[in-house]
Amino acid sequence: VSERIGLPLHITRWEPDRSLVSSSDFENIWAGHLMMDLATGRVPHEWHTMPGPLVVWRADGSDFSADDLCLVVCFVDELLQRFGDREAPFDPDMEVTPEAFERFKARELAIADDSERTQWWEDLNV
């Protein structure tokens, strides 16, 4: 997904900084969003079932904050809703582009201006 929106990301599992004892410690829904197959809406098993702690960074080494990651994940979350639409089938070639991501970002920032969501996007670099 990230490459298709013009923001190539690298994702790798990372050694935790604390003991992970419960299954919820290994859950990471954001990993699934980032690794989703656009043709099917599915996530490879190894990224869907308790992937654990991750590090995500931009392929070009540019700044990438937690707010940036949240914005990308929110964009993917919106895409997931499109997979069940039978009247207007999901078209990744049209809906997962740098332009589509920029439109999504503009909508999110406009909403944030009028709500408490402003704090969500305080440290955007994308």
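Here the structure is a predicted model, which means the values were calculated and not measured. (Residues numbered from 1 in each chain as written. Predicted model: local features only at pLDDT ≥ 70, side-chain atom pairs only at ≥ 80, totals over all residues. Heavy atoms only, no water.)

Caption draft 1: How the structure looks around the pattern of salt bridges. Inspection of every chain in the model, using the stated rule, returns four salt bridges. Where D60 meets R58, a salt bridge forms, and the shortest distance between an N and an O atom there is 3.6 Å. For D60, a relative accessible area of 55% puts it in the exposed group. For R58, a relative accessible area of 14% corresponds to the buried category. For E95, the salt bridge identified is with R82, shortest N-O distance 2.7 Å. Separated by 13 residues along the polypeptide, E95 in helix α4 (residues 92-95) and R82 in helix α3 (residues 66-82) bring together distant segments of the chain. (Salt bridge = Lys/Arg side-chain N within 4 Å of Asp/Glu carboxyl O. Buried < 20%, exposed > 50% of the residue type's maximum accessible area, 1.4 Å probe, protein only. Helix = DSSP H or I, 4+ residues; strand = E, 2+ residues; numbered from the N terminus.)

Caption draft 2: The packing of aromatic side chains, seen in detail. Tallied over the entire structure, the rule returns three aromatic pairs. Ring centres of F75 and F101 lie 5.4 Å apart, and the angle between their planes is 90 degrees; this geometry places the pair in the edge-to-face category. Taken together, the residues span a long stretch of sequence, with F75 in helix α3 and F101 in helix α5 (residues 98-113) at a distance of 26 residues. Here the two residues F75 and F101 agree in accessibility, since each one is buried. Given the relative accessible area of 3%, F75 is considered buried. When the ring centre of W47 is taken as reference, the NZ or CZ atom of R13 above it lies at 4.2 Å. (Phe/Tyr/Trp six-rings, centres within 6.5 Å; stacked < 30°, edge-to-face > 60°. Lys NZ or Arg CZ within 6 Å of the ring centre and 35° of its normal.)

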